[in-house]
Every structure is written in structure tokens, then in C-alpha cells.
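Take a look at the letters that make up each chain.
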Amino acid sequence: MAEGLTAHDHAAHDRAAQLAEFLDRHPRALVLTGAGLSTASGIPDYRDRDGTRRGRPPIHGPDFRKYEHVQKRYWARSMIGWPVLSKARPNPGHYAIAGLEKIGRIGSVLTQNVDGLHGQAGSHSVLELHGNIHTVVCLDCSALFPRAFVQGQLADANPHMLHADATPLPDGDASVEPAELATFRLPACVCCGGTLMPNVVFFGDNVPPARTAIALDQMERADALLVVGSSLMVYSGFRFCRMANASGKPIAAINLGRTRADDLLDIKIEASSEQLLPLVLELLERTRSGDKHTPSIQLDGGTL
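Residues numbered from 1 in each chain as written. Predicted model: local features only at pLDDT ≥ 70, side-chain atom pairs only at ≥ 80, totals over all residues. Heavy atoms only, no water.

- Per an unreviewed UniProt entry, the protein chain is named protein acetyllysine N-acetyltransferase, and its organism is Massilia norwichensis.

What follows is the structure in C-alpha cells.
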């Protein structure tokens, strides 16, 4: 290694080499990603380093479908928060995962995120476990609409909300005071006038059975599990760690903070995925090309 490197640089290289070796030995690993992967894209995370959920309780699907005031709360908050999410772009972590797929060092990607950034980054074998926030569905006629189209409806119907001051929250949400909801007008399906809902799995709802079946099959076919940016506090993600552990498949995780599966992990790396994964990709690209020498990786303190 070059002189002048800090202890942080050496540690970063060691962590990257450890994960590169893991993926080299398990090239069919299922990659399970969570909100921590997208924070570097400007999308706030749900939980702190201890896995505790921040902010107000989430809206539950059964309540959304039953109560108009819950729908108003959701769409008003979404109207304000959507611009932040719509401008989000993949970060180096997303691109590195797409690169690992391209060189055959991972199997498929299973994401708990609804931001669509894996697809934008070029990943092909991606299953969005909880749906995609960029699509809206009519609960009455099942018509689908781009979320951007619905934003136009919201703006036309609620011009007084266009310049509302609110704190951005995860997945296009935002904090809005109850007083703002009194005159809020809901969007409606342009096909039948029905109720619109984002095409995602809300809290209190189940992942569609067909989607679950595909995800379970992906885990069965994988030779390992790599968790990226997830505390695994939601069971729909944690179950895959339990499956991997029960079948003797090794589990590695990159996450800043505690995970629900810490006692099941073979490798736990506390690092930012957008910094670590590009280093892992470069190491594996060099190995694939037959260059066994340590790649030149630019870090804050110098070159590895």
C-alpha cells in the first residue's frame, strides 16, 4: 500500500477485501437492500442506528382504504414530499450493485425500497418487495398512473399547498400540520373517479402472494445472502435471514447500526454502502480480469 494512508483507509480496504472474498466465494448471493442504501441519494431513513423508528407512526393500509381523513393526510404530505423523492438519483452504492450483477458476482436483488433507484442504476434482476412509489393505482378500477401525473392533479386542486414549508420524510413523505388538511382536495382516478393509492405495500398490509413466492424462490436459489442498508426490523426482510440461516447459507451485512439479525450474521460491516460497495466492485473486477494485484482505489487519505 502507498505511504501516507490513514488507519481509516487501511480499515476501508480490509472491509472491502473481506466482502469481495465473500462474493467471490458466493457468486449467486441474493442482495437484500433497505433504506440505508438510499440515504446518500437524499432520501431520509426510517430508523436510527439502534433500529428505532423515527417520527410519527406510519399510515396503515387498512386505515387508508377506509377513512377519507387518512387519505387526505397521506396525499397532502406526499404532495409536499414528492419533489425530493422525484429528484433522487442512484448513488455509487446502487451503481456498484448493478456492476456486481454485470460481472456475475451476485445473483438477484431483492429490495425493500420503493424508490426505483436500482432500476435507474442499471440493475436488471430486481424484485421490489414493497412495490414502487412512482406508480399509483385506482382502488376501484385498478387503472395505473405515473406518480408524476398525480402530482399535477394535486397541484391543480391544491395551489395553496405548493409552497408549504415542511420537513422531508422517507419515501416522499413530509410533515404537514393538521390545519393544512381542512381544505385539501384529494386526487381522483381520471378513468372512473375512484380512490387513488400509491402502488406500494403499506404497513398493516401483506406483500402480494405471487411476489412473495418469487422472493422465496430467489432465496432458495441463492448460495448466500448479502444485506445492504437494512436494520431488518420489518419481518418481510428479516424472514430471509432466517431462511438463509436455517439452510446453512452464510449471511453478510453492510449497515450503520444494529440489525435484527446480528446474531445470525457471518460478516457484519459497519460502513456506508455508497463508499464500500464501489471498492468491492473494483476489487472483483480486477480479479475477474486476472489482475491479482491490489487495485488502485482512491480514498480520502490517498491511494490503496
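A look at the packing of aromatic side chains
So, point 1. Across all of its chains, the model carries six aromatic pairs by this definition.
So, point 2. Where Phe 64 meets Phe 202, the ring centres are 5.5 Å apart and the plane angle is 50°; that geometry is what we call tilted. Remark: Phe 202 occurs in the loop between strand 8 (196-200) and helix 7 (209-221) and Phe 64 occurs in helix 2 (residues 61-66); sequence separation between them is 138 residues. Take Phe 64 and Phe 202: they sit in the same class, and that class is buried.
So, point 3. Chaining the aromatic ring pairs together yields one cluster made of Phe 64, Tyr 74, Trp 75 and Phe 202.
So, point 4. Between the NZ or CZ atom of Arg 147 and the centre of the ring of Trp 82, over which it lies, the distance is 4.6 Å. (Phe/Tyr/Trp six-rings, centres within 6.5 Å; stacked < 30°, edge-to-face > 60°. Helix = DSSP H or I, 4+ residues; strand = E, 2+ residues; numbered from the N terminus. Buried < 20%, exposed > 50% of the residue type's maximum accessible area, 1.4 Å probe, protein only. Lys NZ or Arg CZ within 6 Å of the ring centre and 35° of its normal.)

A short note on the sheet that holds strand 8
So, point 1. Taken in spatial order, the three strands of this open sheet run 5-4-8, and their pairing is antiparallel. Whereas interior strands pair on both sides, the edge strands pair on one side only; in this sheet they are strand 5 (144-146) and strand 8. Across this sheet, the average inter-strand angle for adjacent strands is 40°, counted without regard to direction.
So, point 2. Note that strand 4 (residues 131-138) and strand 5 share three bridges and pair antiparallel. Across the sheet, the residue bridging to Val 137 is Leu 144, located in strand 5.
So, point 3. Each of strand 4 and strand 8 is contacted by helix 3 (residues 68-86), which is oriented at about 140° to strand 4, the strand it contacts most. (Pairing = 2+ DSSP bridges. Axes fitted to C-alpha atoms, helices over the stretch in contact; angles between N-to-C directions. Contact = heavy atoms within 4.5 Å.)

Some thoughts on the sheet that holds strand 2 (residues 109-111)
So, point 1. With parallel pairing, the six strands of this open sheet are ordered in space as 3-2-1-9-10-11. The sheet is open, and its two borders are formed by strand 3 (126-128) and strand 11 (267-269), each paired with just one other strand. Averaged over all pairs of adjacent strands, the angle between strand axes in this sheet comes to 15°, irrespective of strand direction.
So, point 2. Here strand 10 (residues 251-254) runs beside strand 11; their pairing, made up of three bridges, is parallel. Among the inter-strand pairings, Ala 253 is bridged to a residue of strand 11, identified as Lys 268.
So, point 3. Packing against the sheet, helix 8 (residues 235-246) makes contact with strand 1 (30-33), strand 2, strand 9 (225-228) and strand 10, and its axis sits at approximately 155° to strand 9.
So, point 4. Relative to the sheet, helix 9 (residues 273-288) contacts strand 9, strand 10 and strand 11, its axis offset from that of strand 10 by approximately 125°.

Description of the packing of helix 3 against helix 6 (residues 147-157)
So, point 1. Axis separation between helix 3 and helix 6 bottoms out at 10 Å; the angle between their running directions is 115°. Of the two elements, helix 3 crosses helix 6, and the hand of that crossing is left-handed. Residue-level inspection shows Trp 75, Ser 78, Met 79, Trp 82 and Pro 83 of helix 3 in contact with helix 6, the latter providing Arg 147, Ala 148, Val 150, Gln 151, Leu 154 and Ala 155.
So, point 2. Taken together, the residues that form the contact of helix 3 with helix 6 break down as eight nonpolar, two polar and one charged. (Left-handed = near helix turned anticlockwise from the far one by under 90°. Nonpolar A, V, L, I, M, F, W, Y, C, P; charged D, E, K, R; others polar.)

Examining the pairing of strand 9
So, point 1. Residues Leu 225 and Val 227 line one face of strand 9 and the alternating positions Leu 226 and Val 228 line the opposite face, and both faces are buried.
So, point 2. As paired strands, strand 1 and strand 9 are joined by four bridges and run parallel to one another. For Leu 30, the partnering residue across the bridge sits in strand 9 and is Leu 225.
So, point 3. As paired strands, strand 9 and strand 10 are joined by four bridges and run parallel to one another. Opposite Val 227, over in strand 10, you have Ala 253 as the bridge partner.

Concerning the confidence of the model for the protein chain
So, point 1. In this model, the protein chain carries an average pLDDT of 87, and 83% of its residues clear a pLDDT of 70 or more.
So, point 2. In the model, residues 1-5 has pLDDT below 50 throughout and makes ten contacts with residues more than four positions away in sequence or in other chains.
So, point 3. Confidence over residues 292-304 falls short of pLDDT 50; this stretch has 34 contacts with residues more than four positions distant or in other chains. (pLDDT = per-residue confidence, 0-100.)

Observations regarding helix 6
So, point 1. Of the residues making up helix 6, those classed as buried are Arg 147, Val 150, Gln 151, Gln 153, Leu 154, Ala 155 and Ala 157.
So, point 2. For helix 6, the secondary structure elements touched by its buried residues are helix 3, strand 4, strand 5 and strand 8.

With respect to the pattern of salt bridges
So, point 1. By the definition in use, this model includes seven salt bridges.
So, point 2. The partner of Asp 262 in a salt bridge is Lys 268, and the shortest N-O contact between them spans 3.1 Å.
So, point 3. Between Lys 268 and Glu 270 there is a salt bridge whose closest N-O contact spans 3.9 Å.
So, point 4. Residue Lys 268 is classed as partly exposed on the basis of its relative accessible area of 29%.
So, point 5. Classification of Glu 270 as partly exposed rests on a relative accessible area of 40%. (Salt bridge = Lys/Arg side-chain N within 4 Å of Asp/Glu carboxyl O.)

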